[in-house]
Amino acid sequence: MFASKRLGKELTKIHQTLPPGISLVSASDFKEWQMDIKVLDANPLYLDQTYRLRFRFSNNYPIEAPEVTFITLSSPSRTVPTHPHIYSNGIICLDLLGTQGWSPVQNVESVCMSIQSMLTGNTKNERPPGNEEFVARNTQRPRDIRFVYEDATV
């Protein structure tokens, strides 16, 4: 109930205005939304690229963080960006999305802006260490993974 009320308010605001480079793709219910983000500066790693984020909300949102992942599509073309904190299966290692870093004052817009900023500041064209093994072996939902946040350089 509370999640639906909160998401309804967020959706109303999103329809009115969003920061540059962020757009709503779909929000047909209060379980899953899709957003597109673009890096607006001249970062050559992400120049002229648009990326699709999938938000999945539990009934405990906003007390509990949404599950946010990058997804791939063939039409329109969307890939998972290469970044030291983004696995090739779209899972994002970001403290904001974990239980320690999440706060109910955050919302879909602020999460998109944080991810957009994370991409903007990146200079490393690489995946996280152990990407292949993690992607091959992980069976957990993103919200159930206990990441250790050590790298403040990207």
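A quick note: this is a predicted structure, and the numbers were derived from the prediction, not measured.

## Thoughts on the pairing of strand S2 (residues 32–38)
- Within S2, five of the seven residues are buried, which leaves it mostly tucked inside the rest of the structure.
- As paired elements, strand S1 (residues 22–26) and S2 share four bridges and run antiparallel to each other. In the sheet register, Ser23 faces S2, and the bridge partner there is Asp36.
- Between S1 and S2, which pair antiparallel and follow one another directly, the connecting turn spans five residues.
- Two strands pair when backbone bridges link them, and S2 and strand S3 (residues 50–56) are joined in this way by seven bridges, in the antiparallel orientation. Across the sheet, the residue bridging to Met35 is Leu53, located in S3.

## Things to note about the side chain of Glu10
- Here Glu10 lies in helix H1 (residues 2–16).
- The buried category is assigned to Glu10, whose relative accessible area is 7%.
- If we skip the residues at most four places from it in the chain, Glu10 touches Trp33, Tyr61, Asn107 and Val108.

## Description of the sheet that holds strand S4 (residues 67–71)
- Strand order in the open sheet formed by four strands is S1-S2-S3-S4, and the pairing between neighbours is antiparallel. Strands with a single pairing partner mark the edges of an open sheet, and in this sheet they are S1 and S4. Within this sheet the neighbouring strands show an average axis-to-axis angle of 30 degrees, counted without direction.
- Looking at chain direction, S3 and S4 are connected through five bridges and run antiparallel.

## Notes on the nonpolar core
- Counting 31 residues, the largest nonpolar core has Ile37, Leu53, Phe55, Phe70, Ile92, Val108 and Ile115 as the members making the most contacts within it.
- Only H1, S2, S3, S4 and helix H2 (108–120) provide two or more residues apiece to this core.
- In terms of residue count, the dominant contributor to this core is H2 (six residues).
- Residues within four places of Leu53 in sequence aside, it is in contact with Trp33, Gln34, Met35, Ile37, Val68, Thr69, Phe70, Ile92, Cys112 and Ile115.

## A word on H2
- Compared with an ideal rise of 1.5 Å per residue, which puts 13 residues at 18 Å, H2 spans 18 Å between its outermost C-alpha atoms and is within 8% of the ideal.
- Burial in H2 covers these residues: Val108, Glu109, Ser110, Val111, Cys112, Ile115, Gln116, Met118 and Leu119.
- Those residues of H2 that are buried lie in contact with H1, S1, S2, S3 and S4.
- Here H2 starts with a cap whose side-chain oxygen sits 3.0 Å from the backbone nitrogen of Glu109, and that cap is Asn107.

Parameters at a glance
All residue numbers here refer to positions counted from 1 along the written sequence of the relevant chain. In keeping with the predicted nature of the model, local features appear solely for residues at pLDDT of at least 70, side-chain atom pairs appear and are counted solely at 80 or more, and the whole-chain, interface and lining totals rest on all residues. To obtain the side-chain values, all non-hydrogen atoms of the structure were used and water was disregarded. When accessible area is computed with a 1.4 Å probe and restricted to protein chains, residues below 20% of their type maximum are described as buried, those above 50% as exposed, and intermediate ones as partly exposed. Each helix corresponds to a stretch of at least 4 residues labelled H or I by DSSP, and each strand to a stretch of at least 2 residues labelled E; elements are numbered beginning at the N terminus. When DSSP finds at least two bridges between two strands, those strands are taken to pair. Contacts are assigned to residue pairs that have any heavy atoms within 4.5 Å of one another. For helices, the fitted line uses only the C-alpha atoms of the stretch in contact; every axis is such a line through C-alpha atoms, and the angle between N-to-C directions lies from 0 to 180 degrees. As used here, the term nonpolar core means buried Ala, Val, Leu, Ile, Met, Phe, Trp, Tyr and Cys residues forming a set that is joined through side-chain atoms within 4.5 Å. Helix span is expected to be 1.5 Å times the residue number reduced by one. Each polar contact in these results corresponds to two N or O atoms within 3.5 Å; when the atoms are within protein, one needs to be able to donate a hydrogen and the other to accept it, and residues that are neighboring in sequence are counted only if both atoms are side-chain atoms.

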